[in-house]
Amino acid sequence: MIAVTGACGFIGSCLIADFNFNYRNDIVAVDLFKQPDKICLDNIKNKTVQQRIDKDDFIQWLDDNYTEIDFIIHLGAISSTIMFDKETLKKYNTEYTQLVWDKCTQYSIPLIYASSAATYGDGSLGYSDDESIIPNLKPLNPYGESKQAFDVWALKQEEKPPLWYGLKFFNVYGPNEYHKGQMASVVFHAYNQIMKTGRMELFKSYKQGVNNGMQKRDFIYVGDVCNIIRWLMENTPQSGIYNVGTGKARTFYDLARAVFKAMNRKVNIQYIEMPQEIRDKYQYFTEADISKLNKAGYHHTFTNIENGVFKYVTEYLCNLPVSKQANKNKQ
């Protein structure tokens, strides 16, 4: 069986759908099932899983059932980049992941866990997943610090799971992120903003040489993330920390234009002032260095923004009830 923590979350639920599509139904879904108001149960409503285990019971459950587990995909975490409660982030993002790691080591279970591109901070050290660089990274927020703390801890461990992969996710977008409120992707917010106002707002640029809308991110469709995870499980390359992005940064203008096109609307972008409090922490460029992933043997073609946004908008967002969109945007 495959255990997936954060099963009701964005990437976790999409991964379970991907497993189901590829004839893997022996899934142990781990999440806050004792607190259904804290998770989006709709995300796994039509997914096939063998068991549902509450996060707080998972470690004990693993002690009793470890012989049945082939792989653990640990995606459950607090994913808010605007949360500043460092102790809570440490507890759930760092220390709980250490518990999972220790159990995987003890029981010889392969592990994939979610790190984040937020660990790269302002990008002054680049975006290479070279593990000799990782201890020197300086994230810009407590969320990134909690992920960084675990990456550094993992690299220091002498005892490790038989296989392990820490995945630094870049800007992931796609279905099942509707519950994330402010933390949902730019695509999701753009779609709802255009539906409501007919236009999309982007931050002005305050960096010399970068025009408005030309700020860049490495946007990756969630289906590509699932492909990478499944590929790692099937091909078992060398353990370590890997970037998960497309390796090709695109502008916010490109992204906005793709959303307008998918909605069959005329491009209407308004550039607004960036809040003063985030101007000195704003990233003008992120791009995953995926050379390590390529050298490991992953050479699949990534979904470009135009195709990914079109699929997301026309197959998912357009079919999402308006009332549900409105409710989620209030979170």
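Quick caveat, the model's predicted, so the values are computed rather than measured.

## Some points on the overall build of the protein chain
Part 1 of the reasoning: What the protein chain contains, in helices and strands, is ten helices and 13 strands.
Part 2 of the reasoning: For the protein chain, the C-alpha radius of gyration of 19 Å lies close to 20 Å, the compact-globule estimate for 331 residues.
Part 3 of the reasoning: Relative to its full complement of 331 residues, the protein chain shows a buried share of 52%.
Part 4 of the reasoning: Within the protein chain, contacts between residues separated by at least 24 positions form 79% of all contacts whose residues are at least 6 apart in sequence.
Part 5 of the reasoning: In the form shown here, the protein chain has an accessible surface area of approximately 15500 Å², with 47% of it arising from carbon and sulfur atoms.
Part 6 of the reasoning: Computed over 38 positive and 37 negative side-chain charges, the separation of the two mean positions in the protein chain equals 8 Å.

## Things to note about empty space enclosed by the protein
Part 1 of the reasoning: For the structure shown, the criterion picks out one cavity of 30 Å³ or more.
Part 2 of the reasoning: Surrounding the largest cavity, His74, Leu75, Gly76, Ala77, Asn93, Thr97, Tyr113, Ala114, Ser115, Lys147, Phe150 and Asp151 form its lining.
Part 3 of the reasoning: Within the residue set of the lining of the largest cavity, elements represented by two or more residues are helix H3 (86-107), strand S5 (111-116) and helix H4 (142-156).
Part 4 of the reasoning: Among the residues making up the lining of the largest cavity, the classes are represented as five nonpolar, five polar and two charged.

## Quick notes on the layout of surface pockets
Part 1 of the reasoning: Reported here for the second largest pocket is a volume of approximately 590 Å³.
Part 2 of the reasoning: Contributing to the lining of the second largest pocket are 26 residues, with Cys14, Ala17, Pro175, Asn176 and Tyr316 lying nearest its centre.
Part 3 of the reasoning: Counting residues per element, the ones that place at least two in the lining of the second largest pocket are helix H1 (10-21), helix H6 (222-235) and helix H9 (305-315).
Part 4 of the reasoning: Among the residues forming the lining of the second largest pocket, the class breakdown is eleven nonpolar, seven polar and eight charged.

## Focus: the environment of Ser291
Part 1 of the reasoning: By secondary structure assignment, the location of Ser291 is in helix H8 (residues 291-295).
Part 2 of the reasoning: Assessed through its relative accessible area of 32%, Ser291 is described here as partly exposed.

## Concerning the confidence of the model for the protein chain
Part 1 of the reasoning: For the protein chain, the average pLDDT comes to 94, and 97% of its residues sit at 70 or higher.
Part 2 of the reasoning: Here residues 326-331 scores under 50 on pLDDT; set against residues more than four positions off or in separate chains, the count is nine contacts.

## Brief notes about the sheet that holds S5
Part 1 of the reasoning: Ordered in space as S3-S2-S1-S4-S5-S6-S11, the seven strands form an open sheet in which the pairing is parallel. Only two strands of the sheet have a single neighbouring strand rather than two, namely strand S3 (51-54) and strand S11 (240-244). Strand-to-strand, the axes of this sheet are offset by a mean angle of 20°, without reference to chain direction.
Part 2 of the reasoning: Inspection of the sheet shows strand S1 (residues 2-5) paired to strand S2 (residues 27-31) by four bridges, in the parallel sense. Bridged to Thr5 within S2 is Val30.
Part 3 of the reasoning: Contacts between H4 and the sheet are confined to S5, strand S6 (164-169) and S11, with S5 contributing the most and set at about 140° to the helix.
Part 4 of the reasoning: Across the sheet, H6 is in contact with S1, strand S4 (71-74), S5, S6 and S11; its angle to S6 comes to roughly 165°.

## Here's the deal with the state of the cysteines
Part 1 of the reasoning: One pass over the full model with this rule turns up zero disulfides.
Part 2 of the reasoning: The thiol of Cys104 is not disulfide-bonded; the next cysteine sulfur, from Cys226, is found 19 Å away.
Part 3 of the reasoning: Free of any disulfide, Cys318 has its nearest neighbouring cysteine sulfur in Cys14, separated by 17 Å.

## Considerations on H3
Part 1 of the reasoning: Helix length check: H3, at 22 residues, gives a terminal C-alpha distance of 30 Å against a target of 32 Å (1.5 Å per residue), a fit within 8%.
Part 2 of the reasoning: The largest bend in H3 amounts to roughly 25° and is located at Glu95.
Part 3 of the reasoning: The complete set of buried residues in H3 reads Leu89, Asn93, Thr94, Tyr96, Thr97, Gln98, Val100, Trp101, Lys103, Cys104, Thr105 and Tyr107.
Part 4 of the reasoning: Packed against the buried residues of H3 are helix H2 (55-65), S4, S5, H4 and S6.
Part 5 of the reasoning: Residue Asp85 occupies the N-cap position of H3, its side-chain oxygen lying 3.3 Å from the main-chain nitrogen of Glu87.
Part 6 of the reasoning: Downstream of H3 by one or two residues, Ser108 has phi in the positive range, about 55°.

Cut-off values and rules
Residues numbered from 1 in each chain as written. Predicted model: local features only at pLDDT ≥ 70, side-chain atom pairs only at ≥ 80, totals over all residues. Heavy atoms only, no water. Helix = DSSP H or I, 4+ residues; strand = E, 2+ residues; numbered from the N terminus. Rg over C-alpha atoms; globule rule 2.2 N^0.38 Å. Buried < 20%, exposed > 50% of the residue type's maximum accessible area, 1.4 Å probe, protein only. Contact = heavy atoms within 4.5 Å. Areas by Shrake-Rupley, 256 points an atom, 1.4 Å probe, with all protein chains shown as cover. Lys, Arg positive; Asp, Glu negative; His and termini not counted. Charge placed at Lys NZ, Arg CZ, Asp CG, Glu CD. 1 Å grid on protein atoms, 1.4 Å probe; cavity = no way out; pocket = protein on both sides within 12 Å on 5 of 7 lines; lining within 4 Å. Points joined across faces, edges and corners; volume = space filled by probe spheres on them. Nonpolar A, V, L, I, M, F, W, Y, C, P; charged D, E, K, R; others polar. pLDDT = per-residue confidence, 0-100. Pairing = 2+ DSSP bridges. Axes fitted to C-alpha atoms, helices over the stretch in contact; angles between N-to-C directions. Disulfide = S-S within 2.5 Å. Expected span 1.5 Å × (residues − 1). Bend = angle between axes of the 7 residues up to and from the residue. Polar contact = N/O pair within 3.5 Å; in protein donor to acceptor, adjacent residues only side chain to side chain.

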